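One-letter residues, chain by chain:
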Amino acid sequence: MEKLAIGIDIGGTNISLGFVTSDGKVLIKESLPIKKFKTAESFVDFASEKIEKLVDELDSEYEIKGIGIGAPNGNFYNGTIEFAPNLEWNGVIPLASMFQNKTGYKSFLTNDANAATIGEMVYGNAKGLKNFIMVTLGTGVGSGFVANGELILGNDGFAGELGHTIFDPNGRQCKCGRCGCVETYASATGIVRTAKEFLNNSNESSILRDYSEDSITSKLIFEAAKQNDKLALKIFDFTANVLGFSLANAVAITSPEAIFLFGGLAHAGDLIFKPTKKYMEEYLLIIFKNKVELKASSLPENNAAILGAAALVWDN
Ligand SMILES: [Zn+2]
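This write-up is about the structure you can find in this document. Since the structure is predicted, the reported quantities are computational estimates derived from the model, not experimental observations.

1. A look at the packing of aromatic side chains
Consideration 1: Counted according to the given criterion, the structure contains eleven aromatic pairs.
Consideration 2: On the numbers, 5.5 Å between centres and 85 degrees between planes, the contact of Phe245 with Tyr283 is edge-to-face. Pair noted here: Phe245 is in helix α7 (residues 230–254) and Tyr283 is in helix α8 (residues 270–283), with a separation of 38 residues, a long-range link.
Consideration 3: Aromatic side chains Tyr279 and Tyr283 sit 6.4 Å apart centroid to centroid with 20 degrees between the ring planes, which places their arrangement in the stacked category. Of this pair, Tyr279 and Tyr283 both sit in helix α8, four residues apart, roughly one helical turn.
Consideration 4: For Tyr279, a relative accessible area of 12% translates into the label buried.

The following block contains the structure:
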């Protein structure tokens, strides 16, 4: 019998659910807007019924091993989502035990960046690596640290918040309430903030001036940089400096053999990898110089969250 894991990704906009084989094939996948579910209970009821139906439709050659859930502010120890700022579901939600009670399948939950990290370890480029860092560059900046072969969860289950380490205490206002977090610079929203600052603080010509300030996106900045737009390249350089700085600091703590970048900004390829690597090497302590590889994640973007969530089942 082939074993399957169910991966559930809870995002700010969509919830996805998929059935995944142990070698990372996504057999079934469904996505729904999270707005449909006013409460976590209504979501668990709906998803459990859906799972039951899908399992009935499966060939009898498959066996479900469990449910893995990736969620913002997910706590692996308790299987809870705790005060997630981007979700309407308030407070502390014991989602893993809710699913386990409803479906009878063993259920695990962790935060989305940690799920992606385990996904990279189980299915991706980090297979076999004992020490690595995964950095997800999306709307925010998430990260997962694997040391000595294990994901670091920390005392409370929230370890690995590289995006909320502080780059500049007098810097940009972060959603977390503090100032100058790496996330306010090295995310898709951060690079747009940088572009607006650069456009307003200079008269330098740029393709980006053809657009109204509110219509500037990270994709536009990328397109401009690809065409060798000087200002866009400066924006990338500035972003890479922040990222390289924070990666160099992170390396000093866990001594990884590789760092994987995942998500929107990572698709900028050399435009982000080259300067980030350059700055990281400049900032690294001598004992770590030229030892740490900076690579792109190999998880397919469209299924990464589900793969990561499902990987929780195999990892446990
Ligand atoms: Zn912050």
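2. Points about the coordination of the zinc ion
Consideration 1: Here the zinc ion is held by His164 (ND1), Cys174 (SG), Cys176 (SG) and Cys181 (SG), and the distances to it run 2.1 to 2.3 Å.
Consideration 2: Of note is the zinc ion, whose four donor atoms meet at the metal with angles of 104 to 113 degrees in an arrangement that counts as tetrahedral.

3. Notes on a negative patch on the surface
Consideration 1: On the surface, Glu49, Glu52, Asp56 and Glu57 cluster together to form a negatively charged patch.
Consideration 2: Tracing the backbone through its elements, the reader meets Glu52 in helix α1 (residues 40–57).
Consideration 3: A relative accessible area of 53% places Glu52 in the exposed class.

4. Here we look at α7
Consideration 1: In this model α7 runs 36 Å from its N-terminal to its C-terminal C-alpha over 25 residues, within 8% of the 36 Å that 1.5 Å per residue would give.
Consideration 2: Positioned one or two residues after α7, Ser255 has a phi angle of 45 degrees, which is positive.

5. What to know about empty space enclosed by the protein
Consideration 1: This model, assessed by the stated rule, comprises one cavity of 30 Å³ or more.
Consideration 2: In this structure, the largest cavity encloses a volume near 70 Å³.
Consideration 3: Lining the largest cavity, in full, are Ile15, Leu17, Glu30, Ser31, Leu32, Phe43, Phe46, Ala47 and Lys50.
Consideration 4: Only β2 (14–21), β3 (26–33) and α1 provide two or more residues apiece to the lining of the largest cavity.
Consideration 5: Looking at the lining of the largest cavity, the element that brings in the most residues is α1, giving four residues.

6. What to know about the layout of surface pockets
Consideration 1: One number sums up the size of the largest pocket: a volume of about 1,500 Å³.
Consideration 2: Forming the walls of the largest pocket are 50 residues, and the residues nearest its centre are Asn86, Asp112, Thr136, Thr139 and Gly140.
Consideration 3: Among the secondary structure elements, those contributing two or more residues to the lining of the largest pocket are β1 (2–10), β2, α3 (112–123), β9 (132–137), β10 (141–147), α4 (183–186), α5 (188–201) and α9 (304–315).
Consideration 4: Considering every element that reaches the lining of the largest pocket, the biggest residue donor is α9, with five residues.
Consideration 5: Residues that form the lining of the largest pocket fall into these classes: 16 nonpolar, 26 polar and eight charged.
Consideration 6: Within this model, the second largest pocket holds a volume of roughly 210 Å³.
Consideration 7: Along its surface, the second largest pocket is lined by 15 residues, and Phe145, Leu162, Thr165, Ala250 and Ile253 are the ones closest to its centre.
Consideration 8: Tallying contributions element by element places α7 first for the lining of the second largest pocket, with six residues.
Consideration 9: Of the residues assigned to the lining of the second largest pocket, the class counts are nine nonpolar, five polar and one charged.

7. Points about the sheet that holds strand β4 (residues 62–71)
Consideration 1: Ordered in space as β3-β2-β1-β4-β8, the five strands form an open sheet in which the pairing is mixed. A strand with exactly one partner marks an edge of an open sheet, and here the two such strands are β3 and β8 (107–111). Strand-to-strand, the axes of this sheet are offset by a mean angle of 20 degrees, without reference to chain direction.
Consideration 2: Along the sheet face, helix α2 (residues 95–103) touches β1, β4 and β8 and points at about 160 degrees away from the line of β8.
Consideration 3: In the packing of α3 onto the sheet, the strands contacted are β2, β4 and β8, and the crossing angle to β8 comes to about 110 degrees.

Rules behind the numbers
- Residues numbered from 1 in each chain as written.
- Predicted model: local features only at pLDDT ≥ 70, side-chain atom pairs only at ≥ 80, totals over all residues.
- Heavy atoms only, no water.
- Phe/Tyr/Trp six-rings, centres within 6.5 Å; stacked < 30°, edge-to-face > 60°.
- Helix = DSSP H or I, 4+ residues; strand = E, 2+ residues; numbered from the N terminus.
- Buried < 20%, exposed > 50% of the residue type's maximum accessible area, 1.4 Å probe, protein only.
- Donors = N, O, S within 2.8 Å, 3.2 Å for Na, K, Ca; no water.
- Tetrahedral: all angles 85-135°; square planar, octahedral: opposite > 155°, others 65-115°.
- Patch = residues over 30% accessible without salt bridge, like charges linked within 9 Å, V, L, I, M, F, W, Y side chains within 5 Å.
- Areas by Shrake-Rupley, 256 points an atom, 1.4 Å probe, with all protein chains shown as cover.
- Salt bridge = Lys/Arg side-chain N within 4 Å of Asp/Glu carboxyl O.
- Lys, Arg positive; Asp, Glu negative; His and termini not counted.
- Charge placed at Lys NZ, Arg CZ, Asp CG, Glu CD.
- Expected span 1.5 Å × (residues − 1).
- 1 Å grid on protein atoms, 1.4 Å probe; cavity = no way out; pocket = protein on both sides within 12 Å on 5 of 7 lines; lining within 4 Å.
- Points joined across faces, edges and corners; volume = space filled by probe spheres on them.
- Nonpolar A, V, L, I, M, F, W, Y, C, P; charged D, E, K, R; others polar.
- Pairing = 2+ DSSP bridges.
- Axes fitted to C-alpha atoms, helices over the stretch in contact; angles between N-to-C directions.
- Contact = heavy atoms within 4.5 Å.

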